[in-house]
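Residues per chain, in single letters:
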Amino acid sequence: MRLKFFLDTNGGYWSRKMLMQSLSFCAAIILCIAHDSLSSEIQTIRYVTKADNDNLKLIVNLTQNVSLDKAKPTSSPEENTEVQRKSEEKAHSKDGQQDHKDTPGKSDCPPLGLESLKVSDEQLEASSFLSVGLGAHRGRLNIQSGLEDDDEYDGAWCAELEDQEQWLQLDALRQTLFTGVILQGRNSIWGLHWVHTYKVQFSNDSLVWKPCMNGSEEAMFVGNKDQETPVLALFPEPSVAQYIRINPQTWFSNGTICLRAEVLGCPVPDPEDPHISGSESGSSDNLDFRHHNYNEMRKLMKSVTDECPDITRIYTIGRSYTGLKLYVMEISDNPGKHELGEPEFRYVAGMHGNEVLGRELLLNLMQFMCREYKKGNQRVVQLVKDTRIHLFPSMNPDGYEMAYEKGSELSGWALGRYSFDGIDMNHNFPDLNNIMWDAQELATDKRRVSNHYIPMPEYYTSTEALIAPETRAVISWMQDIPFVLSANLHGGELVVTYPFDCTRDWIPRQDTPTADNDFFRWLAAVYASTNLAMANPDRRICHYEDFQQHNNIINGADWHTVPGSMNDFSYLHTNCFEITVELSCDKFPHASELPVEWENNKESLLLYMEQVHRGIKGFIRDKDTKAGIANAVVKVEGLDHAIRSAVGGDYWRLLNPGEYKVTVWAEGYFPRIRQCSVGSEPRPTICDFTLTKTSQDLLKQILAKGKKIPRDNQVRMRAMRMRKLRTSTKILNRRRVQQQRLNKVKRK
């Protein structure tokens, strides 16, 4: 297939720069043909420059049955319905079929970055716009609108006029090989708007435009049939230009001209400027920067354990609905066991299967820590020696596989978000917030209401409870390991949120702080301030919320209420403090963007892990036997949230710098009070406690006075409910396996 080059407007002659580029392209084509016989479906074209003797590769996929016929143009709105019908019939005819299935390798040119915001607002222009909030800058794939239409941040570009002369234009800022377009309708809960068919034009100066051709005819591309499904169109003849226009021809009859778009293209190397090449800046770390499906993820994790067997271990915490194992990578100098006094840290990613950046970052983090440990990087060595780290890259592998099959640009905003059985795991944990708040309202003495280790409700332990198997597995995991600090990695925004995630009284959004609000804000700020994308003061907002005014951190409930979140459950049911990190505007970034995203997050990931060593830690022991005391309550004066000691009697209490009065109590022991000082250095203050058992004489005196001996019934109830949950989980897992076996037999 042939490549098109456009004439400049000055008499129709090429500029010297364009002439050199054209010669480079022609030479590249000749070299390719001489080297290989190109198939009729895929051509690989190399652009060769002399800059630093580098071979600059530009791979062009000229595929796959994208042969669209020309529709007879009309500018009359009255004729639009009939034209729309004829255009769609022709676009879907045998000679005009499009293959919209997104498979890896289909088009090797990446998205230019409308969705990821690499393309600035200034690069987008439109023929007209319906309102400021529907301007060209809003015509980005997967951009989300607020609840209110017609505000500053609406869900698409929409033309003011309804005719076939409207267009959305992108200035790529340099010569680019354009290979395709992805189109989507308007994001709105109040109306239905999308484009059915459209044309594409190219230009070098934004004055003279040439149409995208299909042989001897102007190509007509099939657009959308609904608001949200992205539809890919690969050009029959990829074209080199600086500007591209999308020109809607027909649209949904009950709507208007509205679209969101992404453009695929490869920057063309500039022979006159060796500093401008087709290659993208990325990372100096030699990591596996690509998207990994389930099998590839397993292979990568296995390769890390093979490379660093002394500090890594792979284990599973359960299975997904379809039976995929939930893998965790442990990194520690003594993998496989809890070391007394050493805090446990976890990263969880992929709760929403289509929010994939966290998954890839954790896979990169495994590789990085393994290799840097072997190199003797003291920061990494210290982390591995002092911390037991758990990396859980894919909490929702079923959802991920659905999104992965479609691909980074075609999975849309929601495909793969939910579990296989349709559950949003971000709302699937027990809502302990309202249990605590209701108890506080009914109590005459609120101090007696538990603020930690709250048992899950009885109904949650039933086989009838609508709980994803993945959620059940994570709750059991939380019970087994005394985690101290965690982060839950999401995508679709650039912000860090901290508990509580749920508002009181079901208010849609309201600042709802925990007792540890100051420390949670510190944790959120640690990640946000060191994240290169979040900390960039010149970045634009992702969708409709300006989080920069809050320094890119916000109380979760003040963003939107999320009852049943993992963060809140972790805080109220266990000792673990957890935040949520929204890593990028794009839920499923293209593989070409992964090196940059790693660099954006590398320091944040490391620095956040180091925060597990802030505050106080120590051992709570029996005075006589010196044995550790499990489930002892550690309460800091002025903070209405206690934590508990682990099985071996060790504990960790995250705190900001300051002086604290700490009380420790355990069933059958006298309480003990100590003053503990926390410094500003990122290392914990050792604050041990030795408890004396309550004498039998004192217990008898208490009973003689008709009083009750203090008992820790909460811990007993919490353990009993956990046993019930595990029992019901086993029953459901057996049922699921049996059903899957029956389904296999039926298919055979």
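Scroll up to find the structure.
Owing to the predicted nature of the structure, the values given are computational and were not obtained by experimental measurement.

## Examining empty space enclosed by the protein
Item 1. Inspection of the entire model under this criterion finds 4 cavities of 30 Å³ or more.
Item 2. Taken as a whole, the largest cavity spans an internal volume of roughly 60 Å³.
Item 3. Class assignment of the residues belonging to the lining of the largest cavity gives a composition of 7 nonpolar, 2 polar and 2 charged.

## Details of the packing of aromatic side chains
Item 1. Evaluated as defined, the whole model comprises 27 aromatic pairs.
Item 2. Here tyrosine 321 and phenylalanine 420 contribute two aromatic rings whose centre-to-centre distance is 5.4 Å and whose plane-to-plane angle is 20 degrees, an arrangement assigned as stacked. On the criterion of sequence distance, the pair formed by tyrosine 321 in the loop between β13 (312-319) and β14 (325-331) and phenylalanine 420 in the loop between α6 (397-406) and α7 (432-442) is long-range, its members being 99 residues apart.
Item 3. Phenylalanine 420 gets classed as partly exposed once you look at its relative accessible area, which sits at 49%.
Item 4. A centroid spacing of 6.4 Å and a plane angle of 25 degrees characterise the contact between tyrosine 400 and phenylalanine 588, whose relative ring orientation is stacked.

## Topic: the state of the cysteines
Item 1. If you walk through the whole model with that rule in mind, you get 5 disulfides.
Item 2. Across a sulfur-sulfur distance of 1.9 Å, cysteine 308 and cysteine 370 are joined as a disulfide pair. Taking the torsion about the sulfur-sulfur bond, which here is approximately 85 degrees, the covalent link between cysteine 308 and cysteine 370 counts as right-handed. Here cysteine 308, found in the loop between α3 (294-307) and β13, pairs with cysteine 370, found in helix α4 (residues 357-375); they are 62 residues apart in sequence, far enough to count as distant.

## Details of the sheet that holds strand β19 (residues 553-555)
Item 1. One open sheet accounts for 8 strands, arranged β13-β14-β16-β15-β17-β20-β18-β19; its pairing is mixed. With one partner strand each, in any of the chains shown, β13 and β19 form the two edges of the open sheet. Each strand axis lies, on average, 20 degrees off the axis of its neighbour in the sheet, ignoring direction.
Item 2. The sheet contact formed by β13 and β14 spans 6 bridges and is antiparallel. Each residue of the ladder has a partner; that of isoleucine 314, found in β14, is methionine 329.
Item 3. Against the sheet, α3 engages β13 and β14, with an angle of about 25 degrees to β14.
Item 4. In the packing of helix α12 (residues 594-610) onto the sheet, contacts are made with β15 (344-349), β16 (388-392), β17 (483-490) and β20 (577-582), and the angle to β15 comes to roughly 145 degrees.

## Some details on the sheet that holds strand β22 (residues 633-636)
Item 1. Here 4 strands make up an open sheet; going across it, the order is β23-β22-β25-β26 and the pairing antiparallel. In the strand order of this sheet, the two ends are held by β23 (643-644) and β26 (672-678), each with one partner.
Item 2. Pairing between β22 and β23: 2 bridges, direction antiparallel. Within β23, the residue paired with valine 634 across the bridge is isoleucine 643.

## Overview of the pairing of β20
Item 1. Most of β20 is tucked away: 6 of the 6 residues are buried.
Item 2. Side chains Phe577, Ile579 and Val581 of β20 all project onto a buried face; the interleaved residues Glu578, Thr580 and Glu582 project onto the opposite face, where all are buried too.
Item 3. Across 6 bridges, β17 lies against β20 in parallel orientation. Within β20, the position partnered with asparagine 488 by the bridge is threonine 580.

## Points about α6
Item 1. Among the residues making up α6, those that are buried are Pro397, Asp398, Gly399, Tyr400, Ala403 and Tyr404.
Item 2. As for α6, its buried residues are in contact with α3, β14, α4 and α8 (469-480).
Item 3. Once α6 ends, the next one or two residues include glycine 407, with phi positive near 110 degrees.

## Focus on the pattern of salt bridges
Item 1. If you walk through the whole model with that rule in mind, you get 30 salt bridges.
Item 2. Taking the shortest distance from any N to any O, the salt bridge between lysine 374 and glutamate 307 comes out at 3.8 Å. Of the two residues, lysine 374 is situated in helix α4 and glutamate 307 in helix α3; the sequence distance between them amounts to 67 residues.
Item 3. Several salt bridges share partner residues, and in doing so they unite Arg313, Glu330, Glu344 and Arg388 into one network.

## A word on the packing of α3 against α4
Item 1. Close contact between α3 and α4 brings their axes to 10 Å; oriented N to C, the two are set at 15 degrees. The angle between the axes of α3 and α4 places the two elements in the roughly parallel class. For the crossing formed where α3 meets α4, the hand is left-handed. Only Arg359, Leu363, Met366, Gln367, Cys370, Arg371 and Lys374 of α4 make contact with α3, whose side of the interface consists of Tyr294, Met297, Leu300, Met301, Val304 and Glu307.
Item 2. Partitioned by chemical class, the residues of the contact of α3 with α4 number 8 nonpolar, 1 polar and 4 charged.

## Examining the layout of surface pockets
Item 1. Of the voids in this model, the largest pocket is the one considered here, and its volume is about 1,300 Å³.
Item 2. Surrounding the largest pocket, 48 residues form its lining, Gln144, Trp413, Tyr544, Trp559 and His560 being those nearest its centre.
Item 3. Secondary-structure elements contributing two or more residues to the lining of the largest pocket are β17, α10 (556-559), α11 (566-573) and β20.
Item 4. Class assignment for the residues of the lining of the largest pocket results in 14 nonpolar, 23 polar and 11 charged.
Item 5. In this structure, the second largest pocket is lined by 20 residues; those nearest its centre are Arg447, Arg448, Val449, Val633 and Trp665.

## Focus: the environment of valine 119
Item 1. Turning to its location among the elements, valine 119 is positioned in the loop between α2 (80-91) and β3 (124-126).
Item 2. Valine 119 sits in the buried class, given a relative accessible area of 3%.
Item 3. Considering only alpha carbons, one finds valine 119 and leucine 173, 54 residues apart in sequence, at a separation of 9.6 Å.
Item 4. With near-sequence residues (within four places) excluded, valine 119 lies in contact with Leu112, Gly113, Leu114, Leu124, Arg140 and Leu170.

## Digging into the nonpolar core
Item 1. Membership of the largest hydrophobic core comes to 99 residues, with the highest contact counts inside it found for Tyr347, Met369 and Trp477.
Item 2. Among the elements that make up this core, the one with the highest residue count is α4 (9 residues).
Item 3. Among all residues touching tyrosine 347, those that are not within four sequence positions of it are Leu362, Leu365, His390, Leu391, Phe392, Ala487, Leu489, Tyr527, Ser604, Leu605, Tyr608 and Met609.
Item 4. By size, the runner-up hydrophobic cluster in this structure holds 31 residues, among which are Leu124, Ala172, Val181 and Ala241.

## Some words on unusual backbone geometry
Item 1. In this structure, the amide linkage connecting proline 499 to the following residue, phenylalanine 500, adopts the cis form with an omega of 0 degrees.
Item 2. Along the chain, phenylalanine 500 falls in the loop between β18 (495-498) and α9 (517-530).
Item 3. Phi angles above zero are rare outside glycine, and tyrosine 453 is one such case at about 50 degrees.
Item 4. Within the fold, tyrosine 453 resides in the loop between α7 and α8.
Item 5. Since its relative accessible area comes to 8%, tyrosine 453 is described here as buried.
Item 6. Phi at asparagine 551 is positive, roughly 60 degrees, even though this residue is not glycine.

Criteria and cut-off values
Residues numbered from 1 in each chain as written. Predicted model: local features only at pLDDT ≥ 70, side-chain atom pairs only at ≥ 80, totals over all residues. Heavy atoms only, no water. 1 Å grid on protein atoms, 1.4 Å probe; cavity = no way out; pocket = protein on both sides within 12 Å on 5 of 7 lines; lining within 4 Å. Points joined across faces, edges and corners; volume = space filled by probe spheres on them. Nonpolar A, V, L, I, M, F, W, Y, C, P; charged D, E, K, R; others polar. Phe/Tyr/Trp six-rings, centres within 6.5 Å; stacked < 30°, edge-to-face > 60°. Helix = DSSP H or I, 4+ residues; strand = E, 2+ residues; numbered from the N terminus. Buried < 20%, exposed > 50% of the residue type's maximum accessible area, 1.4 Å probe, protein only. Disulfide = S-S within 2.5 Å. Pairing = 2+ DSSP bridges. Axes fitted to C-alpha atoms, helices over the stretch in contact; angles between N-to-C directions. Contact = heavy atoms within 4.5 Å. Salt bridge = Lys/Arg side-chain N within 4 Å of Asp/Glu carboxyl O. Parallel < 35°, antiparallel > 145°, perpendicular 65-115°, else oblique. Left-handed = near helix turned anticlockwise from the far one by under 90°. Core = buried A, V, L, I, M, F, W, Y, C linked by side-chain atoms within 4.5 Å.

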